[in-house]
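Chain by chain, the residues run as shown.
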Amino acid sequence: MSNISELDLQNLRHLIGGYDTTRCKLQEYAKQATDPQVKQFFEKGARSAMDNKQKLMEFLQ
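Everything in this summary refers to the structure shown in the same document. Predicted model, so just to flag it, every value in this text is computed and none were measured.

1. With respect to the overall build of the chain
(1) Moving on: When helices and strands are tallied, the chain shows two helices and zero strands.
(2) Moving on: The C-alpha radius of gyration computed for the chain amounts to 14 Å, which surpasses the reference 10 Å derived for 61 residues by more than 25%, pointing to a less compact arrangement than a globule.
(3) Moving on: Expressed as lengths along the three principal axes of its C-alpha atoms, the size of the chain is roughly 45 × 15 × 10 Å.
(4) Moving on: Counting over 61 residues, the chain shows a buried share of 18%.
(5) Moving on: Of the contacts made within the chain by residues no fewer than 6 positions apart, 65% connect residues no fewer than 24 positions apart.
(6) Moving on: Counting every atom, the chain has about 4900 Å² of accessible surface; 53% of that belongs to carbon and sulfur.
(7) Moving on: Where the 9 positive side-chain charges of the chain centre and where its 8 negative ones centre are 4 Å apart.

2. With respect to the pattern of salt bridges
(1) Moving on: One pass over the structure, following the stated rule, counts two salt bridges.
(2) Moving on: The salt bridge partner of Arg23 is Asp20, with a shortest N-O separation of 2.8 Å. With Arg23 and Asp20 both in helix H1 (residues 6-32), this residue pair falls three residues apart, about one helical turn.
(3) Moving on: Residue classification places Arg23 among the buried positions, given a relative accessible area of 16%.
(4) Moving on: Residues Asp20 and Lys53 are paired through a salt bridge, measuring 3.3 Å at the closest nitrogen-oxygen approach. With Asp20 in helix H1 and Lys53 in helix H2 (residues 36-57), this pair connects stretches of sequence that are 33 residues apart.
(5) Moving on: Each member of the salt-bridge network shares a partner with another, and the members are Asp20, Arg23 and Lys53.

3. A short note on the environment of Phe42
(1) Moving on: Structurally, the position occupied by Phe42 is in helix H2.
(2) Moving on: Distance from Phe42 to Arg23, taken between C-alpha atoms, is 9.1 Å for residues 19 residues apart in sequence.
(3) Moving on: Filtering out sequence-adjacent residues up to four positions away, Phe42 remains in contact with Leu26, Tyr29 and Ala30.

4. A short note on the environment of Leu26
(1) Moving on: Positionally, Leu26 belongs in helix H1.
(2) Moving on: Exposure remark for Leu26: the relative accessible area of 16% places this residue in the buried category.
(3) Moving on: In contact with Leu26, other than residues within four places in its own chain, are Phe42, Gly45 and Ala46.

5. A look at the side chain of Arg23
(1) Moving on: At a separation of 2.8 Å, a polar atom in the side chain of Arg23 contacts the side chain of Asp20.
(2) Moving on: When neighbours within four sequence positions are excluded, Arg23 is seen to be in contact with Ala46, Ala49 and Met50.

What counts and how
Residues numbered from 1 in each chain as written. Predicted model: local features only at pLDDT ≥ 70, side-chain atom pairs only at ≥ 80, totals over all residues. Heavy atoms only, no water. Helix = DSSP H or I, 4+ residues; strand = E, 2+ residues; numbered from the N terminus. Rg over C-alpha atoms; globule rule 2.2 N^0.38 Å. Buried < 20%, exposed > 50% of the residue type's maximum accessible area, 1.4 Å probe, protein only. Contact = heavy atoms within 4.5 Å. Areas by Shrake-Rupley, 256 points an atom, 1.4 Å probe, with all protein chains shown as cover. Lys, Arg positive; Asp, Glu negative; His and termini not counted. Charge placed at Lys NZ, Arg CZ, Asp CG, Glu CD. Salt bridge = Lys/Arg side-chain N within 4 Å of Asp/Glu carboxyl O. Polar contact = N/O pair within 3.5 Å; in protein donor to acceptor, adjacent residues only side chain to side chain.

Have a look at this one:
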């Protein structure tokens, strides 16, 4: 792990948690959607949130 400040670490934790929460919510919305286009919209958003979370997690390695 590179040298990052405690503030940067806290900010990363906050952002990672936010993306994880967003992913969970969007997945749940997708499960409940009956319109295929709406379902696809939420699934795409959930994948994007997961990708963003993974990119941020790379800073912690």
